[in-house]
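# Analysis of the macromolecular model
Now for the letters of each chain:
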Amino acid sequence: MASQASQKSQANGGKDDGGMDTRKVSKDEAAFILGQGGKTKAKLCAVSGAGIDLQELKGPGGVATNQLHIKGTPHQRQSARKYIEFVIAQRSGPVKIANPSEHDDLTLLTVPADTVSFITGSKGYFLRLVEEEWSALLFFLLVDPKRPPAHVDPGNTNTLAIFGTERSRRGAELKVMAAIEMKQPGHFTRTMAATESADEGFSTDTVHIMEDDYSYALGRGGTTRKKLARASNCIVEYVGRIAFFCGCKRERSNAKEYMKWLLMQRVGETVRVDHKGRDDVTMVMVPGHCIGYVAGHRGCNLRAIEEETSTFCFIEGFAEDYEDHKPLLIFGRKEDRSFAETLVWERISHKFDEAPDYGHGGKGKRSNKGKGKGKDRGKDGYGKDYGGKGWDNNWHRDQDDGKDIREKPKDALSASIDISEDDAAFLMGPGGRVKRKIAGVSGAFLELKANRMEIYGTADQIARASKYVGLVMAQRVGPVTIEDATAHDDLSIIEVPAEAVSFVTGKQGCFLRLVEEEFSTLLFFLDFNKSSKRDQLERLAIFGALRDRRGAELKVMSAIEMKQPFFFTRRDSALPMQDPQEGFSTDRLVIEEDDYSYALGKGGATRKKIARASGCVIEYIGRYAYLSGVKTERIRAREYLIWLFRQRVGPVEVDYANREDVTVLAVPKDCVGFVTGHKGTSLRLVEDDTGTFFFIEGGRGDPHPDPKPPLIFG
């Protein structure tokens, strides 16, 4: 919050001249300026945009003195000094402002005397909440906050001072007005009419809200009002039954439109939006059978997406229209809309994934239902063994019950670890998953006997498995600490912003477990090392083989980037797009906005297809494709993606002579449609079954000579 205020202040107040102001303060004043947990100092920094440090200096004779260091632009330092004086003045009694017109960062609000205690809240709680929400400084003039009057004349008024930027002051002012109106109905709105300002710049419009619409427009805990405000970037506050919209003209117009569409939905009116030419909307065509799943019961899924992404979403028309596809409209800022669009596509892909498979079990028979479901499919659904890259060939599938069984290797070394009963249960996990995971990552064979874990394999496999068993047992009793990360050649550590930790972890660790299963890795968060703690970051440890670790790392980075846009892509912007080294490394490729959904595919199917065919680890982080592998794999992945992008808009011609990664077939021109299937469905099935990238060079209608060459890459 403070950094945002600082950026705004620097934009208005000129460049930071590197200057610093100092002010000596007493011990009591220092404590008052610091506030509980440093909150008052943080508030002063946020409102002024200046950096404020409180230092204790040793004077002559060892006498300690406290000194404030104020850094920033001249305007920021001046504002900070003024606000500090006001805060110190409150410590000893009421604050007076001799000439309010001299302060261009001040708004004065007249408050009925009998509502002062109500809007102040217990120990100033309500005013502090308003200050925190709007990065403003609020206090009453000529009212002693320590000794408020016990009895007041209802006809009297007090004055509330609000300091901050224009937008912050207006937001705080409206929040206080709403509280006063609640305590004293009609105080502001009794004679107020709906208004619309003609100003293009910052101004205020007002709209009456009908009594029947009010609760719906407010939402539980004000969530609906906040949603409209976030999506439109407009200040939206309800004062009584009047909605105030504050912002530039476009922000006000958007907010009022969003409210109009919202209230139309309440009474069942069909909402139709002319979205052509609008730059505040993204449209997703949702298949008819997915609408209920995307929206959720009473719209709960859409509300969750709105809350997660700060957008305003609704399905145009009604699900009962029986259309094949219906448009889901997402309103808000571009980056927020992109995030919401990704979440919607995830919901759609999950619905498709749940669809029954009638392909091989006879008519009407579901081959993936019941006991042993999917038993012929590996972790990625292409017939591979359960453990993927990290598991060797002495695994097989029990065709009777679908369980994974590992044969004990002959002539292998062995070791044992004594464990308690609680550790044994923790190491097994539900259905033995944890034990299988450790075996998969280490390559060793694990067997649990009484209170002992037997480990079989090579010396390296046993060492890795023993280490992983110890790390997993350590998680049972508390956070895990790794003092020297460089001592582990099978470890990668990724820094995760604090606000993304729960998102990356998933419900009951679901997301991390999926990543572990996909890449045969071991993931867990590390405890902070107190001597080197970095603010707002936690460390996620990833154990496994190099390629597997990189795949898991990119998957987690993609999730973090989705939650906190530009966290990694801004950091990596200075890196070269292509690494010249031959060995394992990472290249990047820009994905244009129009290409993204096409390059991702349903449930990420297209991305996975390109990764399998090229042998390269591919993950989309923001609007960049990260390509990890040896140089030949990275080159192939880049070429396949570029051809894929070109297919979206037209035919593709490839110079396939002398390539070792392609097989060329000859298909008569009049058979092309039969081979490709409706919208390429037949080709997609072939790709899924074979792990290849398959397309027919040129278009069906182009003048290319007969026969036409289908190209199979992999």
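Read on for a plain summary of the structure.

Helix and strand counts for the protein stand at 24 helices and 26 strands. For the protein, the accessible area works out to roughly 37,300 Å², and carbon and sulfur atoms hold 51% of it.

The next thing to look at is the sheet that holds strand β25 (residues 693-696). Read from one edge of the open sheet, three strands run β24-β26-β25, paired in antiparallel fashion. Looking at the sheet topology across the chains shown, the edges are occupied by β24 (662-664) and β25. Strand-to-strand twist in this sheet, taken as the mean axis angle between neighbours without regard to direction, amounts to 20°. Across four bridges, β25 lies against strand β26 (residues 710-713) in antiparallel orientation. Across the sheet, Phe695 pairs through a bridge with Leu711, a residue of β26.

With that settled, consider the environment of Ala217. Take Ala217: it is sitting in helix α8 (residues 211-218). With relative accessibility at 0%, the residue Ala217 sits in the buried group. Not counting the four nearest positions on each side in its chain, Ala217 is found in contact with Thr224, Arg225, Tyr238, Met259, Leu262 and Leu263.

What follows concerns the environment of Arg91. Assignment of secondary structure puts Arg91 in helix α4 (residues 74-92). Using a relative accessible area of 30% as the deciding quantity, one classes Arg91 as partly exposed. With 62 residues separating them in the primary sequence, Arg91 and Glu29 have C-alpha atoms 8.0 Å apart.

Another point: α8. All of the buried residues along α8 are Asp213, Tyr214 and Ala217. Along the axis of α8, the buried positions cluster into a sector of 115°, meaning they face one direction only. Projecting away from the buried face of α8 at angles above 90 degrees are the exposed residues Glu211, Asp212 and Ser215. Just downstream of α8, Gly219 is the residue with a positive phi angle, here 80°.

Following the criterion strictly, the structure yields 24 aromatic pairs and no others. Taking 6.1 Å as the distance between ring centres and 55° as the angle between the ring planes, the aromatic pair formed by Tyr596 and Tyr620 counts as tilted. Linking Tyr596 in helix α20 (residues 593-600) with Tyr620 in strand β22 (residues 617-621), this pair joins segments that are 24 residues apart in sequence. Tyr620 carries the same exposure label as Tyr596, and that label is buried. Three or more aromatic residues link up through ring pairs in this structure, and these residues are Tyr258, Trp261, Phe312, Phe314 and Phe331. Over the ring of Tyr214 we find Arg241, and its NZ or CZ is 3.8 Å from the ring centre. Residue placement shows Arg623 over the ring face of Tyr596; its charged tip is 3.7 Å from the ring centre.

In total, this model carries one cavity of 30 Å³ or more according to the counting rule given. Put simply, the largest cavity is a space of about 40 Å³. Taken together, Ser338, Glu341, Thr342, Trp345, Tyr596, Ser597, Leu600 and Arg623 form the lining of the largest cavity. Mapped onto the lining of the largest cavity, the elements with two or more residues apiece are α13 (334-354) and α20. Of the residues belonging to the lining of the largest cavity, the class tally is three nonpolar, three polar and two charged.

This paragraph deals with helix α7 (residues 166-183). With 18 residues, α7 should reach 26 Å at 1.5 Å per residue; the first-to-last C-alpha distance of 26 Å fits that figure. Among the 18 residues that make up α7, 14 are buried, leaving the element largely enclosed by the rest of the structure.

Across all of its chains, the model carries 43 salt bridges by this definition. In this structure, Arg250 and Asp279 form a salt bridge, with 1.9 Å as the shortest nitrogen-oxygen distance. Of the two residues, Arg250 is situated in helix α10 (residues 249-266) and Asp279 in the loop between α10 and β10 (281-287); the sequence distance between them amounts to 29 residues. What makes Arg250 partly exposed here is its relative accessible area of 45%. For Asp279, a relative accessible area of 49% puts it in the partly exposed group. One network of salt bridges, with partners in common, ties together Glu133, Lys175, Arg225 and Glu237.

To continue, consider the nonpolar core. If you look at the biggest cluster of nonpolar residues, it comprises 27 residues, and the most contacted ones within it are Leu427, Ile438, Leu446, Ile455, Phe524 and Phe543. At the level of secondary structure, the elements contributing two or more residues to this core comprise α14 (421-428), α15 (433-442), β17 (452-457), α16 (459-477), β19 (522-526) and β20 (537-543). Of all the elements, α16 adds the most residues to this core, at seven residues. Sequence-distant contacts of Leu446, that is, excluding residues within four places in its chain, are made with Lys435, Ile438, Ala439, Met453, Glu454, Ile455, Ala465 and Val469. If you look at the next biggest cluster of nonpolar residues, it comprises 26 residues, including Ile591, Cys616, Leu641 and Leu644.

Take the side chain of Thr311 next. Position of Thr311 among the secondary structure elements: in the loop between α12 (300-309) and β11 (312-315). Among the polar contacts listed, one links the side chain of Thr311 to the side chain of Thr309, at a separation of 2.7 Å. Aside from chain neighbours lying at most four places away, what touches Thr311 is Lys227, Ala231, Ile305, Glu306, Ile330, Phe331, Asp336, Arg337 and Ala340.

In this section: the sheet that holds β19. Read from one edge to the other, the open sheet built from three strands follows the order β18-β20-β19, with strand pairing classed as antiparallel. Bordering the open sheet on either side are β18 (491-497) and β19, each of which pairs with just one other strand. Direction aside, neighbouring strands of the sheet carry axes that sit 25° apart on average. Sheet topology places β19 next to β20; five bridges connect them, and they run antiparallel. Opposite Leu523, over in β20, you have Ile542 as the bridge partner.

Rules used in this analysis
- Residues numbered from 1 in each chain as written.
- Predicted model: local features only at pLDDT ≥ 70, side-chain atom pairs only at ≥ 80, totals over all residues.
- Heavy atoms only, no water.
- Helix = DSSP H or I, 4+ residues; strand = E, 2+ residues; numbered from the N terminus.
- Areas by Shrake-Rupley, 256 points an atom, 1.4 Å probe, with all protein chains shown as cover.
- Pairing = 2+ DSSP bridges.
- Axes fitted to C-alpha atoms, helices over the stretch in contact; angles between N-to-C directions.
- Buried < 20%, exposed > 50% of the residue type's maximum accessible area, 1.4 Å probe, protein only.
- Contact = heavy atoms within 4.5 Å.
- Arc of directions from axis to C-beta.
- Phe/Tyr/Trp six-rings, centres within 6.5 Å; stacked < 30°, edge-to-face > 60°.
- Lys NZ or Arg CZ within 6 Å of the ring centre and 35° of its normal.
- 1 Å grid on protein atoms, 1.4 Å probe; cavity = no way out; pocket = protein on both sides within 12 Å on 5 of 7 lines; lining within 4 Å.
- Points joined across faces, edges and corners; volume = space filled by probe spheres on them.
- Nonpolar A, V, L, I, M, F, W, Y, C, P; charged D, E, K, R; others polar.
- Expected span 1.5 Å × (residues − 1).
- Salt bridge = Lys/Arg side-chain N within 4 Å of Asp/Glu carboxyl O.
- Core = buried A, V, L, I, M, F, W, Y, C linked by side-chain atoms within 4.5 Å.
- Polar contact = N/O pair within 3.5 Å; in protein donor to acceptor, adjacent residues only side chain to side chain.

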